[in-house]
Every structure is written in C-alpha cells, then in structure tokens.
Amino acid sequence: MNDDSNQHEHDWDDPTREWALATQSIRAGHARTHEQEHGEPIFPTSSFVYGSAAEAARKFGGEEPGNIYSRFTNPTVRNFEKRLAVMEGGERCVATSSGMAAILSTALALLSAGDEIVASRSLFGSTVSLFDKYLGKFGITTRYVELSNLEAWEAAITPRTRLLFAETPSNPLSEVVDIAALAEIAHRHEAWLVIDNCFLTPALQRPLDLGADLVIHSATKYLDGQGRAIGGAVVGRDKELEELFGVVRTCGPCMSPFNAWIFLKGLETLSLRMKAHCENALAMAQWLEAHPSVTRVHYSGLEHHPQHALASRQQKAYGAVLGFEVDGGREAAWSVIDATRIMSITGNLGDVKTTITHPGTTTHGRLSEEQKAAAGIAEGLIRIAVGLEDLDDLKGDLARGLDALR
Ligand SMILES: *Cc1c(COP(=O)(O)O)cnc(C)c1O
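From a predicted model like this one, the values you see are computed outputs, not experimental measurements. (Residues numbered from 1 in each chain as written. Predicted model: local features only at pLDDT ≥ 70, side-chain atom pairs only at ≥ 80, totals over all residues. Heavy atoms only, no water.)

### Some remarks on empty space enclosed by the protein
To keep it simple, the criterion reads: Space inside and on the surface of the protein is sampled on a 1 Å grid over the protein atoms alone, with a cavity defined as a set of points where a 1.4 Å probe fits but cannot get out and a pocket as an open set with protein on both sides within 12 Å along at least 5 of 7 lines; lining residues have an atom within 4 Å of a point. Grid points are joined across faces, edges and corners, and a volume is the space filled by probe spheres set on the points. For the purposes of this entry, the term helix denotes a DSSP run of H or I that reaches at least four residues, the term strand denotes a run of E that reaches at least two, and both are numbered from the N terminus.
This structure, assessed with the given rule, holds four cavities of 30 Å³ or more. Of the voids in this model, the largest cavity is the one considered here, and its volume is about 110 Å³. Those elements that provide at least two residues to the lining of the largest cavity are α3 (75-88), β1 (92-96) and α9 (238-251). Looking at which element gives the most residues to the lining of the largest cavity, the answer is α3, with three residues.

### Side note on the site of the ligand
Rule in force here: By convention in these notes, a residue is near a molecule or strand provided one of its non-hydrogen atoms lies within 4 Å of it. Whenever a nitrogen or oxygen atom comes within 3.5 Å of another N or O atom, the pair is scored as a polar contact, on the condition that within protein one atom can donate a hydrogen and the other can accept it, and that pairs from neighbouring residues in sequence are kept only if both atoms are in side chains. The accessible surface values rely on the Shrake-Rupley method and a 1.4 Å probe; as for residues, cover is taken only from the protein chains in view. Residue polarity follows a fixed list, in which Ala, Val, Leu, Ile, Met, Phe, Trp, Tyr, Cys and Pro are nonpolar, Asp, Glu, Lys and Arg are charged, and the others, Gly among them, are polar.
In the vicinity of the ligand, the contacting residues are S98, G99, M100, F124, E167, D196, C198, F199, S218, T220, K221 and G231. Separating an oxygen atom of the ligand from a backbone N or O atom of G99 is a distance of 2.9 Å. Between the ligand and M100, the relevant distance is 2.9 Å, taken from an oxygen atom to a main-chain nitrogen or oxygen of the residue. Burial of the ligand by the surrounding chains reaches 92%, relative to a free accessible area of 380 Å². Looking at side-chain class alone, the shell around the ligand contains four nonpolar, five polar and three charged residues.

### Some points on α3
Basically, it comes down to this: Helix span, as expected, comes to 1.5 Å for every residue beyond the first.
Its 14 residues give α3 an end-to-end C-alpha distance of 20 Å, which sits within 8% of 20 Å, the value for a rise of 1.5 Å per residue. Between a side-chain oxygen at the N-terminus of α3 and the backbone nitrogen of T76 the separation is 2.9 Å; the capping residue is N74. G89 sits one or two positions beyond α3 and adopts a positive phi of about 70 degrees.

### Overview of the packing of helix α4 (residues 99-110) against α9
Packed helices, taken two at a time, are described by the angle between their axes plus the distance between the axes. What counts is decided by this rule: To get an axis, fit a line to the C-alpha atoms, keeping to the stretch in contact for a helix; angles then go from 0 to 180 degrees between the N-to-C directions. When an angle is under 35 degrees it counts as roughly parallel; over 145 it counts as roughly antiparallel; between 65 and 115 it counts as roughly perpendicular; any other value is oblique. Working rule for handedness: look at the near helix, and if it is turned counterclockwise from the far one by less than a right angle, call the crossing left-handed; if clockwise, right-handed. Contacts: residue pairs with any heavy atoms within 4.5 Å of one another.
Where α4 contacts α9, the two axes come as close as 8 Å, and the packing angle between them is 110 degrees. Looking at the two axes, α4 sits roughly perpendicular to α9. Considering the relative orientation of α4 and α9, their crossing is right-handed. The residues of α9 that touch α4, namely those facing S105, T106, L108, A109 and L110, are E240, E243, L244, V247, V248 and C251. Of the residues in the contact of α4 with α9, the class split is seven nonpolar, two polar and two charged.

### Remarks on the pattern of salt bridges
Rules: Here a salt bridge means any side-chain nitrogen of Lys or Arg lying within 4 Å of a carboxyl oxygen belonging to Asp or Glu.
Counted under the stated rule, the structure contains 20 salt bridges. Residues D178 and R313 are paired through a salt bridge, measuring 3.6 Å at the closest nitrogen-oxygen approach. Taken together, the residues span a long stretch of sequence, with D178 in the loop between β4 (161-167) and α7 (179-188) and R313 in helix α12 (residues 308-314) at a distance of 135 residues. For E268, the salt bridge goes to K265, with nearest N and O atoms at 3.0 Å.

### A short note on unusual backbone geometry
Leave glycine aside and you will find that most residues have negative phi; peptide bonds, for their part, are mostly trans. How we decide: Per-residue accessibility, obtained with a 1.4 Å probe over protein chains only, is compared with the maximum for each type, and a residue is labelled buried under 20%, exposed over 50%, and partly exposed between these values.
Residue T168 is joined to P169 through a cis peptide bond whose omega torsion reads 0 degrees. Mapped onto the elements, P169 comes out in the loop between β4 and α7. The omega torsion of the bond from N171 to P172 falls at 5 degrees, within 30 degrees of zero and hence cis. Within the element layout of this structure, P172 appears in the loop between β4 and α7. For S174, which is not a glycine, the phi torsion comes out positive at approximately 60 degrees. Positionally, S174 belongs in the loop between β4 and α7. Since its relative accessible area comes to 1%, S174 is described here as buried. Backbone geometry places E190, a non-glycine residue, at a positive phi of 55 degrees. Tracing the backbone through its elements, the reader meets E190 in the loop between α7 and β5 (192-196).

### A look at the domain arrangement of the protein chain
Heads up, the rule is: Each domain span listed reflects an automatic or database assignment of domains. Buried area: the accessible area, evaluated with a 1.4 Å probe, that two parts lose upon being put together, summed over both parts.
Along its sequence, the protein chain is carved into domain 1 (3-268) and domain 2 (270-404). Taking only C-alpha atoms, the centre of domain 1 and the centre of domain 2 are 28 Å apart. Contacts between the two partners involve 39 residues from domain 1 and, on the opposite side, 38 residues from domain 2. By the criterion of area lost to domain 2, the three top residues of domain 1 are L173, L204 and Y222, representing 25% of everything that side buries. Across the contact surface, domain 1 and domain 2 share one salt bridge.

The structure is reproduced here in structure tokens:
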C-alpha cells in the first residue's frame, strides 16, 4: 500500500512548499510506492482491499487513514491534488470531473436555500447557467456586477450574500479585478471570495496569497494544456475543502485516475508553456494593435488597457486570451475567422493549438442584445486563445483575412 494514503493530512513542514513553482509542478505530490517507480503511477482500480476485517472496519470508520473507494480516495487523483495544492499555496485540493463540477461542488458545499451570490458579469457561460437556472431552482440567487468596479460589488452585497465569484482576467475582454481589495470586501461582509483561476493558472497568479478563500480550476484548459481530457479542481483551506470533499465523496463528481495522470503530466510543463503562451500572446496583441484593419485590442498586457497597472502588479504575465475588433460587424469578423488555415475555429481555449472564435455568436450567443452591450461583446469582436505555434505563422494566418478587409 502506498505509504502516503492519508487524504486528510497536510503538512506545513512539507518541503515541497518551499520549492519554486517549476520544481513543484514536476516533483510535488508523488509518494513513490514499494515498486520504486520513477514516473507517477496510474491506479485504475475502483476499490482497495484490506489485510483483515478489523483493518477494513478501521478504514471505513475513519479511525485509520487509507484508500477505500476511488470515488473519494485514489492515489493518482491524490497525487494531482497534492501537486496543485502546493502550486496554488492552498492547504488542500479536491479534484473533480470537470471545471463545472468544481463550481457546482463548491456551491453545494458552502450554500443553502436563501443564500445569495454576487458574481462578475463576465463569467464563463455555463457558470452563469449553473447559477441562474440550477442554483436558482434551489432558492439561491445571483446578482451580477461589472468585474473591475469594486463599489458595484459592495453595493450588490446584502446580509444574505455568502459568496463572491469572479474570473480575472475576464474572457474575452481581459478586464481585471483587484483580488486583494475584493477579498477585503468579501470578508468584511462575512462572505467567501472564490476565484476561477483558469485563465492564468498558479504559474501566473496565486489568488489565495491575495486573500481569496477558494480557487477553482477547469483542468481541461491550461493545466492539461494539450486538449486531452476534462477535469476540474478546488483549492483552499482544510475547513472549506473538508465540506467539498464530502460533496464529491457523496455526490460523485470525481476525477478519474487516468485523467488525473494526464493532468499530472500537463502540470510538469505548465511554467514553460505559460511563459511561451504569454510571449506569443503579447506579441500578437502588439502586432494586431498596429494593423490598420483592427480598431481595438483587448489585452491587459497592453499599456492602454484600463487595468494594465493592476494586472502588472497582480499577475506574473497577462495570459494568452485576447479580443480584438474589426469594422464591419459580424460579416467582417466571420471573414477574418474563415480565412484562417492554422487556427482552430472553436470556443475552447488553454491548448497548445491556437483557437479563434466569434464570441457574439458562440460563447456569448445566448445573451440578449442589451446583455451583450453591457458586457462589451461587439459584433466585430474576435477572440483568440494564442497557442504555441510559430508566431509568424499565426500572424500570417490572421493577416490573410485582415488585409482583405482594407
Ligand atoms: C472551461 C471553463 C470552465 C468549465 O470547465 P469545464 O472543465 O469545461 O467543465 C469554468 N471556468 C472557466 C473560466 C472556463 O474557461
């Protein structure tokens, strides 16, 4: 049996917490078994066996730590959880079957009927549906505010508000909120601050260090980074994570050991990939800004971006998702997208492959005209999630359509 089987233990003397992120992402969390394997093993087993009836009774009764059933105890999943926990600077991590399962499990763990959420208006579309359509059914209501406007956040809070939820930077306009200031507001009102850190990952931003209570991940995106599997995670303190663990244990939105292994392999190259993604994205943003067919570029790495100073302070770099606008509305935007031969026309992101999409008719297509206007989703807006292909090839891929607009 794996000697590191205690799901609940976290050790602040754990030396891996002192390591730099690149070392943690390659080394942390692997408790080598008696087989002395070098690479992290996959444990594709649904259950575990015991040496005696008495041992089984102790394990089931929680008197003795150890593996029981892979819905809530699996060594490969635990390896991923431990690695991501130290990378985010959290006490504990619970892995889930998807990013959406991470958000749902957080809500189930922390909220009750009658509670309120205050959330940023610029959220992943399914998160909005989860809050409004499904949590709404159980009497949990959500108010939406402009991400960067701290007064609006505070004004939306009522005595029933339990949770503040934001993604920063936002998609596709790259707006940024001051996480430390938002955490201060949340805590003054006895609410939790939950940050979806999908766009930057712990390689570029550590929300827990800035005062956030929980970090959400869609591991599907940059943690894997190569578009291979769906998964999610929540990182934070023991107290809240114990509740979350109970939800996953009982309700079952757990990560499979195969997927956990894929994400472990993804994490090993996270620092390198994020650095390369950001370099490509900044260069693309600067090139787009200088192109005569482009009227606006939304990227927090550009100096004219309204929260550039905040982004530079709060983030190690600016991420790889950017928006840009062309004159001529939907028709012009579609022609630029359709002229690409390298970029993938898809709403997904967080892949070594560059993706391109028209938010107004895809990721934000369900919004009304007023909601689109409020969220800044113009008809001529195009989003790219810059991958790791050669920069000149990517520029050429967009130049084809952009030059034809002139
Ligand atoms: C993709 C995404 C999610 C949902 O994650 P899944 O793994 O697709 O369930 C949540 N938040 C953000 C910001 C995302 O991009």
